[in-house]
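# Summary of the model geometry
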Amino acid sequence: MPLIDTHCHIDLYNQPQLLLQECERLNITVLAMTNLPSHFEMGFPHVRPFNKVRLALGMHPLYAEQHKKEFPSFLRNFGRTSYIGEIGLDFSREGYHTREIQIQTFSKILDLVSSSKKVLSIHSRRAEKEVLDLLIGKGVSSAIFHWYSGPLSLIESIASAGFFSINSAMTKSENGQKIISRIDPQKILTETDGPFNEVNGRPAKPSDVIEVYKYLSNIWGKTMEETQATISSNFSKLISYLK
């Protein structure tokens, strides 16, 4: 049964073409994020020939100062993919100064998505409640909360609006383990967030998502085959929104 990596930045590796070939060879399904529409435009011709990798159209909140200039490109490319990401809000110290721009951009994207069939990968650091409220307000329920690190009290509400993608860094931290233990297994997907996340001192790549499967298999008390079946079923439910 194939592995699934729902959040990986393939365009940011040193040799993205080799990674695309590896994903195809190993039968790993990947949702490849981009941080800006101009990055999507550059990557799209290279990713298009591969069956296992879907390129997502992104507008990362930490690039907010470029959002106004990039938004026409977002509109121009919106119809070229069923996957939107990485998008969202970041109210950490790093992103707080562009808070209003982020909210405006995210709201405009959700307006587009609400009348289309798209799957979203969401960044929500220190803005989890605000992201959730906007998703609910716009009627969007096909979202993946990537690398969630927010309050445990929001998990149930988020699960009603989408899924969570879990990476190996979460499985190694006390807070991440608490979060994972609270999520219904039917709402969990897997990710690497490579190359930002590391495995054995090097940038994680899609094949490293197996480490997350092993962790989930252990805490769920399931065989690897059963765990793979659960994740595959969850992913099938998610992409059913596209039909």
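First things first, this report covers the structure right here in the doc. (Residues numbered from 1 in each chain as written. Predicted model: local features only at pLDDT ≥ 70, side-chain atom pairs only at ≥ 80, totals over all residues. Heavy atoms only, no water.)

### Focus: helix H8 (residues 174–182)
All of the buried residues along H8 are Gly176, Ile179 and Ile180. Here the buried residues of H8 occupy an arc of 100 degrees about the axis, which is enough to place them on one side. Exposed residues lying more than 90 degrees from the buried face of H8 are Glu174, Ser181 and Arg182. Contact partners of the buried residues in H8: helix H6 (155–159), strand E7 (162–166), helix H7 (168–172), strand E8 (188–190) and helix H9 (210–220). (Buried < 20%, exposed > 50% of the residue type's maximum accessible area, 1.4 Å probe, protein only. Helix = DSSP H or I, 4+ residues; strand = E, 2+ residues; numbered from the N terminus. Arc of directions from axis to C-beta. Contact = heavy atoms within 4.5 Å.)

### Notes on the sheet that holds E7
As summarised here, the arrangement of the 5 strands in space is E4-E5-E6-E7-E8, forming an open sheet in which the pairing is parallel. Of all strands in the sheet, those with a lone pairing partner are strand E4 (83–88) and E8, marking the two edges. Strand-to-strand, the axes of this sheet are offset by a mean angle of 30 degrees, without reference to chain direction. Judged from the 4 bridges that link them, E4 and strand E5 (residues 119–123) form a sheet pairing that is parallel. Across the sheet, residue Gly88 finds its bridge partner in E5, namely His123. The strands that helix H5 (residues 128–137) touches are E5 and strand E6 (143–146); relative to E6, the one it contacts most, it runs at about 175 degrees. Contacts from H9 reach E7 and E8, with the element oriented near 150 degrees to E8. (Pairing = 2+ DSSP bridges. Axes fitted to C-alpha atoms, helices over the stretch in contact; angles between N-to-C directions.)

### Here's the deal with the pattern of salt bridges
In the structure shown here, the tally under the stated rule is 10 salt bridges. Salt-bridge contacts for Arg125 lead to Asp90; the nearest nitrogen and oxygen are separated by 2.8 Å. Separated by 35 residues along the polypeptide, Arg125 in the loop between E5 and H5 and Asp90 in the loop between E4 and helix H4 (99–114) bring together distant segments of the chain. For Asp90, a relative accessible area of 0% puts it in the buried group. Each of Asp90, Glu94 and Arg125 takes part in salt bridges that share partners, so that together they form one network. (Salt bridge = Lys/Arg side-chain N within 4 Å of Asp/Glu carboxyl O.)

### Digging into unusual backbone geometry
Residue Glu86 is reached from Gly85 by a cis peptide bond, and omega for that bond is 10 degrees. Take Glu86: it is sitting in strand E4. In the segment running from Gly194 into Pro195, the intervening peptide bond is cis, with an omega of 0 degrees. Structurally, Pro195 is set in the loop between E8 and strand E9 (198–199). Phi is positive for Asn27, which is not a glycine, with a value near 60 degrees. Mapped onto the elements of the fold, Asn27 is located in the loop between helix H1 (16–26) and strand E2 (29–32). At Arg126, a residue that is not glycine, the phi angle is positive and equals roughly 60 degrees. Within the secondary structure layout, Arg126 lies in the loop between E5 and H5.

### Focus: the nonpolar core
Counting residues in hydrophobic clusters, the biggest one holds 72 residues, and the most contacted among them are Ile84, Phe106, Leu120, Leu135 and Phe164. A total of 5 residues in this core trace back to one element, the largest contributor, which is H9. Setting aside residues no more than four positions away along its own chain, Leu120 makes contact with Ile84, Ile87, Leu110, Val113, Leu135, Val140, Ser142, Ala143 and Ile144. (Core = buried A, V, L, I, M, F, W, Y, C linked by side-chain atoms within 4.5 Å.)

### Let's talk about empty space enclosed by the protein
Inspection of the entire model under this criterion finds 1 cavity of 30 Å³ or more. The volume enclosed by the largest cavity comes to roughly 30 Å³. Tallied by class, the residues present in the lining of the largest cavity amount to 4 nonpolar, 3 polar and 2 charged. (1 Å grid on protein atoms, 1.4 Å probe; cavity = no way out; pocket = protein on both sides within 12 Å on 5 of 7 lines; lining within 4 Å. Points joined across faces, edges and corners; volume = space filled by probe spheres on them. Nonpolar A, V, L, I, M, F, W, Y, C, P; charged D, E, K, R; others polar.)

### A closer look at the environment of Leu189
For Leu189, the position within the fold is in strand E8. Taking the C-alpha atoms as reference points, Leu189 and His146, 43 residues apart in sequence, are found 9.1 Å from one another. Once residues lying within four places of it in the same chain are set aside, the contact partners of Leu189 are Thr6, Ile144, Phe163, Phe164, Ser165, Ile166, Ile231, Asn234, Phe235 and Leu238.

### Looking at the environment of Tyr215
You can see Tyr215 is positioned in helix H9. Separated by 43 residues in the primary sequence, Tyr215 and Lys172 have C-alpha atoms spaced 9.6 Å apart. Residues within four places of Tyr215 in sequence aside, it is in contact with Thr171, Gln177 and Ile180.

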